[in-house]
Amino acid sequence: MATYQNILYTLDVSIATITINRPDKLNALNRATLAELRSALEEVEKNRVVRVVILTGSGNKAFVAGADISEFSSFEKNQGSELAQKGHESVMDYLQNFNKPVIAAINGYALGGGLELAMAAHIRIASDNAKMGLPEVSLGVIPGYGGTQRLSQLIGKGRALEMIVSAQAISASQALAYGLVNHVVSQENLLETCVGLAQKIASNSPKAIGKAIEAVNACFDFSKNGFDEEIRLFGECFGTEDFKEGMAAFMGKRKADFKGK
Ligand code: COA
C-alpha cells in the first residue's frame, strides 16, 4: 500500500480498514483526502486478499464533518459543478459500485459530504454518539456528492426533504429508526461490531457478493431493468469457480473455501 498523508490503512486477514485521518479538522474531506481515498480504494480493489472494507474516521468525535469548506468558499458556478462532478465520479459512485462490500463505521459527526460518503458505502453502522445530517442549505448550497439522491433512496422523500431543508442533524437512534443505519452500538464496540459483520461476509463467495452488489445497485439505476440484471448476473454466477466450490462444499457437507474466481 502506498503511503498516505490523510488516511490510515490496515489489513487484518481479509478485512481492510481505511480511516480518514484529519482529526484536527474533524476529518473534513479536502481534495487531497478524496484523491488518497480513491487511490487506496483502487489498491484495495486489486488486492485479492481483501474481502471487505471498513471505512471510518479518526478520533472519537467525527466520522467526517463534511467536504472541506475552506476549499470551496470562494468558488464560482463552474467550479461548483466541477467539484460535484469530480466527487461523484472519483469517490462516491466508485464506492457505490465497489465490488467488495464497504461498511461505514460512523463514529461521530457524519455531516454533508461525510454523510454522503457513508451513504455511498453499502452498509452503515453508527456509534450512539453519532450525529448525521446534510446541513448544506444553511451554507447556501445543496448536497453535491449524491446526498439528495441517496438519502431519498435510503429513507424516503419526505424524511430526506425534512433533513435537507431544515439542515438539522439527527441522532443515531433516529437514524436507526429511519433505516439510515443498520445498527447502533457504543463507540467502544463500533469497530468490533463492524469486524464481526465483515468476518461473516468474508466467508461467502466474493464473486457472488460482487454480483449481488451490482444487482441491488441496478434497482436504483434508471437506465437498467433490475430484474433483467438479476437474471443476467444470476446466470453469470454459474460460470464461476466459487459456484462450483459452493456446490461441492454443500454436497460434501463441508465449509466452502471460496477463492473469489
Ligand atoms: N470543513 C472544513 N473544516 C471543518 C469542517 C468542514 N466541513 N468541519 C469542521 N472543520 C474544522 C473547524 O473549522 C475547526 O478547525 P480550526 O480548529 O482550525 O478552527 C475544526 O474542524 C474543529 O471544528 P469545530 O467547529 O471547532 O468543532 P465543534 O465541536 O465546535 O463543532 C461541528 C463541530 C461539526 C458542529 C462543526 O465543526 C461544524 O458545523 N462543521 C461544519 C459542518 C458542515 O456544515 N458540513 C457540511 C459541509 S458542506
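The structure presented is a predicted model; accordingly, all values stated were derived computationally and were not measured.

*Asks:* Could you give an account of the overall build of the protein, naming the residues involved and the relevant values?
*Replies:* When helices and strands are tallied, the protein shows 11 helices and 10 strands. Computed over its C-alpha atoms, the radius of gyration of the protein comes to 19 Å, within 12% of the 18 Å expected for a compact globule of 261 residues. Put simply, the protein has 261 residues, and 45% of those count as buried. By sequence separation, contacts in the protein at least 24 residues apart represent 69% of the contacts at least 6 residues apart. Counting 27 positive and 28 negative side-chain charges, the protein places the averaged centre of each group 4 Å from the other.

*Asks:* Let's hear about the nonpolar core: which residues, and what values?
*Replies:* One finds Ile18, Ile106, Leu117, Met132, Leu151 and Leu180 to be the most contacted residues of the largest nonpolar core, which totals 48 residues. Ignoring anything within four residues of it in the chain, the contact list for leucine 180 reads Leu115, Met119, Arg124, Met132, Leu151, Leu154, Ile155, Ile170 and Ala175. Formed by 15 residues, the second largest nonpolar core is a distinct cluster that contains Val52, Ile103, Leu190 and Ile209.

*Asks:* Describe the packing of helix 1 (residues 31–46) against helix 3 (residues 77–96), with residues and values.
*Replies:* Taken N-terminus to C-terminus, the directions of helix 1 and helix 3 make an angle of 40°; their axes are 9 Å apart at the nearest point. Considered as vectors, helix 1 and helix 3 are oriented oblique to each other. Of the two elements, helix 1 crosses helix 3, and the hand of that crossing is left-handed. Of helix 3, the residues touching helix 1 (which contributes Leu34, Leu37, Arg38, Leu41, Glu42 and Glu45) are Glu89, Ser90, Val91, Tyr94 and Leu95.

*Asks:* Hey, could you go over the domain arrangement of the protein for me, with residue numbers and the actual values?
*Replies:* The assigned domain composition of the protein is domain 1 (7–202) and domain 2 (206–251). On the domain 2 side, the residues contacting the 10 residues of domain 1 number 6 residues. Taken together, both faces of the contact between domain 1 and domain 2 bury some 610 Å²; the carbon and sulfur share is 64%. There are 0 salt bridges connecting domain 1 and domain 2. If you look at where domain 1 meets domain 2, you find 2 residue pairs in polar contact (both at pLDDT 80 or more). Of the residues belonging to the side of domain 1 that touches domain 2, the class tally is 3 nonpolar, 5 polar and 2 charged.

*Asks:* If you had to explain unusual backbone geometry to someone new, which residues and values would you point to?
*Replies:* If you check the backbone angles, valine 13 has positive phi at about 55° while not being a glycine. Locating valine 13 in the fold gives a position in the loop between strand 1 (7–12) and strand 2 (15–20). Despite not being glycine, asparagine 27 has its phi angle at roughly 60°, a positive value. Its location among the elements puts asparagine 27 in the loop between strand 2 and helix 1.

About the cut-offs
- Residues numbered from 1 in each chain as written.
- Predicted model: local features only at pLDDT ≥ 70, side-chain atom pairs only at ≥ 80, totals over all residues.
- Heavy atoms only, no water.
- Helix = DSSP H or I, 4+ residues; strand = E, 2+ residues; numbered from the N terminus.
- Rg over C-alpha atoms; globule rule 2.2 N^0.38 Å.
- Buried < 20%, exposed > 50% of the residue type's maximum accessible area, 1.4 Å probe, protein only.
- Contact = heavy atoms within 4.5 Å.
- Lys, Arg positive; Asp, Glu negative; His and termini not counted.
- Charge placed at Lys NZ, Arg CZ, Asp CG, Glu CD.
- Core = buried A, V, L, I, M, F, W, Y, C linked by side-chain atoms within 4.5 Å.
- Axes fitted to C-alpha atoms, helices over the stretch in contact; angles between N-to-C directions.
- Parallel < 35°, antiparallel > 145°, perpendicular 65-115°, else oblique.
- Left-handed = near helix turned anticlockwise from the far one by under 90°.
- Domains from an automatic or database assignment.
- Buried area = accessible area lost by both parts, 1.4 Å probe.
- Salt bridge = Lys/Arg side-chain N within 4 Å of Asp/Glu carboxyl O.
- Polar contact = N/O pair within 3.5 Å; in protein donor to acceptor, adjacent residues only side chain to side chain.
- Nonpolar A, V, L, I, M, F, W, Y, C, P; charged D, E, K, R; others polar.

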